[in-house]
Amino acid sequence: MIKTEKTLTKNITNQKSAIEQFRFDVLNGLSSTPKKLHSKYFYDKTGDTLFQQIMAMPEYYLTNCEMDIFQNKTSELARIILETDEAFDLIELGAGDGTKSAFLLKHLLDQKADFNYMPIDISANILAVLNNKLKADLPTLHITCLEGEYFKMLEKATELSSRRKVVLFLGSNIGNMEKDEAVGFCRGLNSYLSSGDIVLMGFDLKKNPQIILDAYNDKAGITAAFNLNLLTRINKELKANFNVDKFQHYQTYDPLNGACRSYLISLEKQVITIDGESINFDKDELVYMELSQKYSLEESEELANSSGFETINHIMDSKAWFTDVAWLVA
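Residues numbered from 1 in each chain as written. Predicted model: local features only at pLDDT ≥ 70, side-chain atom pairs only at ≥ 80, totals over all residues. Heavy atoms only, no water.

**Some details on the packing of helix H7 (residues 150-160) against helix H8 (residues 179-191)**
Part 1 of the reasoning: Between H7 and H8, the least distance of the axes is 10 Å, while the angle of their chain directions is 15°. In this view, H7 runs roughly parallel relative to H8, as classed from their interaxial angle. The handedness of the crossing between H7 and H8 comes out as right-handed. Together, Tyr-150, Phe-151 and Leu-154 of H7 and Phe-185, Gly-188 and Leu-189 of H8 make up the contact between the two elements.
Part 2 of the reasoning: Residues belonging to the contact of H7 with H8 are distributed by class as follows: 5 nonpolar, 1 polar and no charged. (Axes fitted to C-alpha atoms, helices over the stretch in contact; angles between N-to-C directions. Helix = DSSP H or I, 4+ residues; strand = E, 2+ residues; numbered from the N terminus. Parallel < 35°, antiparallel > 145°, perpendicular 65-115°, else oblique. Left-handed = near helix turned anticlockwise from the far one by under 90°. Contact = heavy atoms within 4.5 Å. Nonpolar A, V, L, I, M, F, W, Y, C, P; charged D, E, K, R; others polar.)

Spelled out as structure tokens, the structure:
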């Protein structure tokens, strides 16, 4: 398709808007106490590659656990989705490269299900990779890629189609939110859906604390590189002058409340310039980067109940370390 002048102008406007939001969020986060950076900005092209490496690490059990579910319990997932014969839109929030969901997509196609796949992701790069991969591997799949924030794109998806919705929110992405934020998110998700719609949500379950800590603090340093890459991205896109060698990755896990948190530590007193703005760092000052909250099954059900969903089922991996929970919009 030939891009018209109007299309090119719209793309440039969207890019400017995204950069402006990135700049605002970074400066606002680093001016707060404690300093923080939003984990959604991890995923530029380099970040995407590093996260693929993280998912392939032996310590990072989450990928294998959920892959176990999607490879070996695909029919159970499909039965929940296909309980009615209605056509539906399968919407995946934070689709990534679609490695896990591809097993479900193939199974649904084999079952002659009438559906359209709508992957949503903030990364244009990963959506392009996903689109090309699925068109090659599953040529009969109807796919509509939506780039942007979850709820904005979910609203767009509901405008594009009035069909029944099945929403995938995999990979324990719900764990990137504080518990009160998770309730707000799930209530917001519910508000875009209708009675009879389904959500399949991944939860990383509480388990041996050392297993969890090792998954986010690998000896090869890939997770550290993933976190530090955000500073490099800020350098490239916001004209900053971070020296990543002056920051260190630090990981914690509290087995009582299930909060696994990552930080960057400033190794010396320093002043960073970001697009003309100066940010002071004290020696040993922390920058809060990401939360990976772990849940019990009871806590996942409490979250469903408090946000207007009814738990249909929870499908566990073979180790019972991870679950994909099926919720029905009440």
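Next, the rest of the story.
**Description of the sheet that holds strand S1 (residues 35-36)**
Part 1 of the reasoning: If you walk across this open sheet you meet the 4 strands as S1-S11-S8-S7, and the pairing is mixed. Strand pairing shows two members of the sheet lacking a second neighbour, S1 and strand S7 (247-254), which therefore form its edges.
Part 2 of the reasoning: Sheet topology places S1 next to strand S11 (residues 286-293); 2 bridges connect them, and they run parallel. Of the residues in S11, the one forming a bridge with Lys-35 is Val-287.
Part 3 of the reasoning: In this fold helix H10 (residues 222-238) packs onto S7, strand S8 (259-266) and S11, with an angle of close to 125° to the strand it touches most, S7. (Pairing = 2+ DSSP bridges.)

**Some remarks on unusual backbone geometry**
Part 1 of the reasoning: Going from Thr-33 to Pro-34, the amide bond is cis rather than trans, its omega being -5°.
Part 2 of the reasoning: On the secondary structure map, Pro-34 appears in the loop between helix H1 (5-30) and S1.
Part 3 of the reasoning: Here the phi dihedral of Lys-239 falls at roughly 55°; this positive angle occurs in a residue that is not glycine.
Part 4 of the reasoning: Among the secondary structure elements, Lys-239 is positioned in the loop between H10 and S7.
Part 5 of the reasoning: Not every positive phi belongs to a glycine, and Asp-275 is a case in point at roughly 50°.
Part 6 of the reasoning: Checked against the element boundaries, Asp-275 lands in the loop between strand S9 (270-274) and strand S10 (277-281).
Part 7 of the reasoning: Classification of Asp-275 as partly exposed rests on a relative accessible area of 32%. (Buried < 20%, exposed > 50% of the residue type's maximum accessible area, 1.4 Å probe, protein only.)

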